[in-house]
Amino acid sequence: MFLIEALPTDVVMRKQLIHAVSDIEAEIQSQDAWNDQALSELLMQDSIDMLIVYGPEKTERAEENTVVGYCLYQVVFEQAEILRIGTYPDYQRQGIASQVFSKLHKWLAESQVESLLLEVRADNTAAIALYEQQGFTIIHRRKGYYQQPHQPAIDALIMQRVYTD
């Protein structure tokens, strides 16, 4: 079982964890990775927070812990949005994202958030299937949103999960 916790407030630990997340970003978001500075600047906003996923061997000593995933999200009034979610490749397909969603859904529902949004590339069928399992539905399509030189543009799908009483 993986341990999922909120990003701590301790400055040194926070900096180490943000760096670990940026390493995962570099690994899984080769075209658009967010670095330490970008993540740190986002996390300075009161509305943005992050869940950290630790490997099963989490210890009391922060420097010994393996960060295997993360979820960066924003909450504004009754609306939440996942800005980034990722798992280090060696740990993918082990149910980490489902565990993250479970924790996030519970916390958002308790915080009286009404809905959760996210954006996904239309060609990311594995992620779309996961999001649909988590109760998300497609509410909008941004035509040709993702563009790379010498490649066809890819649509972005906006998906939403509504929390009901």
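Okay, so let's go over this structure. Quantities reported herein were computed from a predicted structural model and do not represent experimental measurements. (Residues numbered from 1 in each chain as written. Predicted model: local features only at pLDDT ≥ 70, side-chain atom pairs only at ≥ 80, totals over all residues. Heavy atoms only, no water.)

1. A closer look at unusual backbone geometry
Outside of glycine, negative phi angles account for most residues, and trans bonds account for most peptide bonds. Positive phi, normally seen in glycine, also occurs at Phe 77, with a value near 55 degrees. The topology assignment puts Phe 77 in the loop between strand E3 (67-76) and strand E4 (79-87). (Helix = DSSP H or I, 4+ residues; strand = E, 2+ residues; numbered from the N terminus.)

2. Remarks on the pattern of salt bridges
Following the criterion strictly, the structure yields six salt bridges and no others. As a salt-bridge pair, Arg 84 and Glu 25 come within 3.0 Å of each other at their nearest N and O atoms. One end of the pair, Arg 84, is in strand E4; the other, Glu 25, is in helix H1 (residues 11-28), with 59 residues separating them in the sequence. A salt bridge links Arg 121 to Asp 123; the nearest nitrogen and oxygen atoms lie 3.0 Å apart. Connected via shared salt-bridge partners are Glu 25, Asp 32 and Arg 84. (Salt bridge = Lys/Arg side-chain N within 4 Å of Asp/Glu carboxyl O.)

3. Brief notes about the packing of aromatic side chains
All chains considered together, the criterion is met by six aromatic pairs. Taken together, a centroid distance of 6.1 Å and an interplanar angle of 85 degrees make the contact between Phe 2 and Tyr 91 edge-to-face. In this pair, Phe 2 sits in the segment before strand E1 (3-6) while Tyr 91 sits in the loop between E4 and helix H3 (96-110), placing the two residues 89 residues apart along the sequence. According to the relative accessible area criterion, Phe 2 is buried, its value standing at 11%. For Tyr 91, a relative accessible area of 21% corresponds to the partly exposed category. Site record: aromatic cluster; members linked through ring pairs are Phe 101, Tyr 131 and Phe 136. Directly above the ring of Trp 34 sits Arg 84, whose terminal nitrogen or CZ lies 4.0 Å from the centroid. (Phe/Tyr/Trp six-rings, centres within 6.5 Å; stacked < 30°, edge-to-face > 60°. Buried < 20%, exposed > 50% of the residue type's maximum accessible area, 1.4 Å probe, protein only. Lys NZ or Arg CZ within 6 Å of the ring centre and 35° of its normal.)

4. Quick look at the environment of Gln 151
Of note, Gln 151 is situated in the loop between strand E6 (137-146) and strand E7 (154-162). What makes Gln 151 partly exposed here is its relative accessible area of 49%. A sequence separation of 124 residues divides Gln 151 from Glu 27, and the C-alpha atoms of the two residues are 21 Å apart.

5. Considerations on H1
Helix length check: H1 (18 residues) gives 26 Å between terminal C-alpha atoms against 26 Å at 1.5 Å per residue, within 8%. Among all positions in H1, only Leu 17, Ile 18, Ala 20, Val 21, Ser 22, Ile 24 and Glu 25 are buried. Those residues of H1 that are buried are in contact with helix H2 (36-43), strand E2 (48-54), E3 and E4. N-capping of H1 is provided by Asp 10, with a side-chain oxygen placed 3.4 Å from the backbone N of Val 12. (Expected span 1.5 Å × (residues − 1). Contact = heavy atoms within 4.5 Å. Polar contact = N/O pair within 3.5 Å; in protein donor to acceptor, adjacent residues only side chain to side chain.)

6. Considerations on the sheet that holds E4
Strand pairing within a sheet occurs via backbone hydrogen bonds; the two strands may be parallel or antiparallel. Within the open sheet, the seven strands sit side by side as E1-E2-E3-E4-E5-E7-E6. Their pairing is mixed. Two strands bound the open sheet, and with one partner strand each, they are E1 and E6. Here the average twist between neighbouring strands, direction ignored, is 25 degrees. Two strands pair when backbone bridges link them, and E1 and E2 are joined in this way by four bridges, in the antiparallel orientation. Residue pairing in the sheet places Ile 4 in a bridge with Val 53 of E2. Relative to the sheet, H3 contacts E1, E2, E3, E4, strand E5 (115-121) and E7, its axis offset from that of E3 by approximately 30 degrees. Where helix H4 (residues 125-133) meets the sheet, it contacts E4, E5 and E7, and its direction lies at approximately 165 degrees from that of E5. (Pairing = 2+ DSSP bridges. Axes fitted to C-alpha atoms, helices over the stretch in contact; angles between N-to-C directions.)

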